[in-house]
Amino acid sequence: MNKNERFVKKITPKSADFSRWYTEIIQKAELADYAPVKGMMVIRPPGYALWENIQQLLDKRIKESGHSNAYFPLLIPESYLQKEAEHLEGFAPEVAWVTHGGQEELEERLAVRPTSEAIIGNMYAKWIKSWRDLPVLINQWANIVRWEKVTRPFLRTTEFLWQEGHTAHETKEEAEKETLMILSLYKDAVETDLAIPVIAGKKTEREKFAGALETYAIEALMTDGKALQMGTSHNLGQHFSKVFNIRFEDRNQNLQYAWQTSWGVSTRLIGAVVMAHGDDSGLKFPPKVAPIQVIVIPISVGDWKENVLPSAQNVESELKKAGLKVKLDDREEFTPGWKFSEWEMRGVPLRIEIGPKDIKEKQVIAVRRDNREKEAIPFNALSQRVPEILQKIQESMFEEALKFQRENTHELQNYEDFKTVIEAKKGFIKTLWCGDPACEDEIKEETMATIRAILMEKEEEKIQGKCVRCQKPSKFLVFFARAY
RNA sequence: CGGGGCGUAGCGCAGUCUGGUUAGCGCACAGCGUUCGGGACGCUGGGGUCAGGGGUUCGAAUCCCCUCGCCCCGACCA
């Protein structure tokens, strides 16, 4: 049998039509379904289980780095949102408003939060009086509503789930340090847990968060060559503290405005996992976040319920004891072949087959989802060998994605090459830029590519040269890409 | 919000151009039987406000008007 043979025949091949493959696999694998309200989706159990795993791992990291969880209200008075002009301007087009309570029209409209800087800033003003109150390090897991014109499951939905961290500090340096610490926390989480390599960097003015001093982001390359922003970390400076009046008396008894940050990742991460790892057979989940890590499939021949099923149940309970997320598929209405394809489509990292031949040999057959490699594992080695294989899968999925990212990162200095590459191969283009927003806008107009990240490597020799487009002296080393 | 495509059973579609018995097909679903190491097969059966509203007509899935929704490609965004 050809290792690359395509067994799943009910979805559009990824290579044929990426967008279609994406929306089909999400529905077939029951990650999400469309809800009655435009742009809203239901996250179904397999999709939500994936989110819970991501959430759990990330929450642990956030807490370990000193933050605590809290919860702020869903509704924000219009006047609060209006305080930061740039912030309001940025979000106004996509805010959903509550205008009535029951039959009664409200005196002041209430915004369904598009993000929580405004409400949190207001509360911080009440809580922060002295340098001794700082830093404030709070995170919240919440839902957000943004009335987007074009939506796609997980990538851009009207309502989405996320975590948003909001911190306040004594000094600008401390806020900047927090912003960068979170950026690397995100990078590490996404690379280690989701097995997706990312580029971490600073955003340009045009891509910056509405109301921030600086925005940093992690960007990943999807398998269709487009970039996806997977997380952002903002240094808010004193923009919000000034309008919300978050003042404190510092160590020298001077009244000062607090320095703030905010940062978040959302259910978009699920879309990233789907697009960065999936293939023509369907989903491919990294073991660390997979809702089911091992699927046990008894080979149902003859009196399999007496001869095979008990051994399969033993395998299941042994692996459960080893702390793994295991499921035994003992349904009699489906053939083993059907089950192989089904669980492959749903992205389960490892399949264990057990049939009469294996029982005679006191072993099982393990098949990896990522490369379909088969391996016989003796019964008595299960609890030791299976976790090892899962770890290998996690690592090689990252290696595979990293290889893809490298192969699709083109370093070049010539604008004609830039245009050709972005059109033909997409991917990242690593090049030099003058720093002029007008130049950036023109590149976007001409190629649909935007600056995804400004590299923070400071070595002077790396940024010496000419802007890829205007040929003026360059100031930044940047990554361009067409983005989601 | 612009351009394009589409809406008929849970899913995928035919039927619409050229109005006319009871709206079909495949998959899925239910029952029974035979199967089962890479998406098995036979027989039987259930399931439809033809997206919604209005109009034309003796008669509308089909023609006309309006509304809504979904997908793709742009502009905007996590």
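Residues numbered from 1 in each chain as written. Chains lettered and ligands numbered in written order. Predicted model: local features only at pLDDT ≥ 70, side-chain atom pairs only at ≥ 80, totals over all residues. Heavy atoms only, no water.

This paragraph deals with the side chain of D370. Mapped onto the fold, D370 is located in the loop between β20 (363–368) and β21 (374–378). Judged by its relative accessible area of 17%, D370 is buried. One polar contact links D370 to S396, side chain to side chain, over a distance of 3.0 Å. When near neighbours in sequence (up to four residues on either side) are disregarded, D370 contacts K284, I393, S396 and M397. (Helix = DSSP H or I, 4+ residues; strand = E, 2+ residues; numbered from the N terminus. Buried < 20%, exposed > 50% of the residue type's maximum accessible area, 1.4 Å probe, protein only. Polar contact = N/O pair within 3.5 Å; in protein donor to acceptor, adjacent residues only side chain to side chain. Contact = heavy atoms within 4.5 Å.)

What follows concerns the confidence of the model for chain A. Summarising the model, chain A shows a mean pLDDT of 92, and 98% of its residues fall at 70 or more. Ignoring residues within four places in sequence, the model shows residues 1–5, a span with pLDDT below 50, making 6 contacts including any to other chains. (pLDDT = per-residue confidence, 0-100.)

The next point concerns the pairing of strand β11 (residues 227–237). By the criterion of burial, β11 is predominantly enclosed, with 10 of the 11 residues buried. Taken together, the 8 bridges between strand β10 (residues 214–221) and β11 define a ladder with antiparallel strand orientation. When the sheet's bridge partners are listed, Y216 is paired in β11 with S233. Here β10 hands over to β11 after 5 residues, with G225 in that stretch at a positive phi of 90°. Pairing geometry for β11 and strand β14 (residues 259–266), over 5 bridges, is antiparallel. (Pairing = 2+ DSSP bridges.)

Below, the discussion takes up the domain arrangement of chain A. Each assigned domain of chain A is listed with its residue range as follows: domain 1 (18–277), domain 2 (292–391) and domain 3 (409–481). Taking only C-alpha atoms into account, the centre of domain 2 sits 49 Å from that of domain 3. (Domains from an automatic or database assignment.)

Moving on to the sheet that holds β21. Taken together, 5 strands build an open sheet; the order of strands is β17-β16-β19-β20-β21 and the sheet is mixed. If you trace the sheet from one side to the other, it starts and ends with β17 (326–328) and β21, each paired once. Strand after strand, the sheet turns through a mean of 25° between neighbouring axes, direction not considered. Of the pairings in the sheet, the one linking strand β19 (residues 350–354) to β20 comprises 4 bridges and is antiparallel in character. (Axes fitted to C-alpha atoms, helices over the stretch in contact; angles between N-to-C directions.)

Quick look at the packing of aromatic side chains now. For the structure shown, the criterion picks out 13 aromatic pairs. Ring geometry for Y415 against F418: centres 5.6 Å apart, planes inclined by 45°, an arrangement best described as tilted. Of the two residues, Y415 and F418 are both situated in helix α14 (residues 415–424); the distance of 3 residues between them amounts to about one turn of the helix. The buried category is assigned to Y415, whose relative accessible area is 11%. (Phe/Tyr/Trp six-rings, centres within 6.5 Å; stacked < 30°, edge-to-face > 60°.)

With that out of the way, let us pick up the pattern of salt bridges. Within this structure, the stated rule accounts for 34 salt bridges. Among the salt bridges present, the one from D59 reaches K63, with a minimum N-O distance of 2.6 Å. With a gap of 4 residues between them, D59 and K63 both fall in helix α2 (residues 45–64), about one helical turn apart. Residue D59 is classed as buried on the basis of its relative accessible area of 12%. Across the salt bridge formed by R368 and D370, the nearest N and O atoms sit 2.7 Å from each other. A relative accessible area of 10% places R368 in the buried class. A single network of salt bridges, built from pairs that share partners, joins K203, R206, E207, E219, D441 and R452. (Salt bridge = Lys/Arg side-chain N within 4 Å of Asp/Glu carboxyl O.)

All right, on to the packing of α14 against helix α15 (residues 437–447) then. Contact pair α14 / α15: the axes reach a minimum separation of 11 Å and the direction vectors enclose 45°. Put simply, α14 runs oblique to α15. Crossing handedness for the pair α14 and α15: right-handed. Packed against α14, whose contacting residues are Y415, F418, K419 and I422, the element α15 presents E442, I443, E446 and T447 at the interface. For the contact of α14 with α15, the per-class residue count stands at 4 nonpolar, 1 polar and 3 charged. (Parallel < 35°, antiparallel > 145°, perpendicular 65-115°, else oblique. Left-handed = near helix turned anticlockwise from the far one by under 90°. Nonpolar A, V, L, I, M, F, W, Y, C, P; charged D, E, K, R; others polar.)

Next up on the list: helix α1 (residues 18–28). The set of residues buried in α1 consists of F18, W21, Y22, E24, I25 and I26. Its buried side turned inward, α1 meets β1 (32–34), α8 (268–277), β15 (283–284) and α11 (336–345). Residue E30 follows α1 closely and has a positive phi angle near 60°.

Read across the open sheet, the 3 strands follow the order β4-β6-β5; overall the sheet is antiparallel. Each edge of the open sheet carries a strand with a single partner, namely β4 (75–77) and β5 (96–101). Neighbour-to-neighbour, the strand axes of the sheet open up by a mean angle of 45°, direction not taken into account. Pairing between β4 and strand β6 (residues 104–112): 3 bridges, direction antiparallel. Looking across to β6, one finds that I76 is bridged to A111.

Within the element layout of this structure, R346 appears in strand β18 (residues 346–347). Note on R346: relative accessible area 19%, which makes it buried. On a C-alpha basis, the gap between R346 and M456 in space is 38 Å, while along the polypeptide they are 110 residues apart. Among all residues touching R346, those that are not within four sequence positions of it are K28, A29, E30, P46, L283 and F285.

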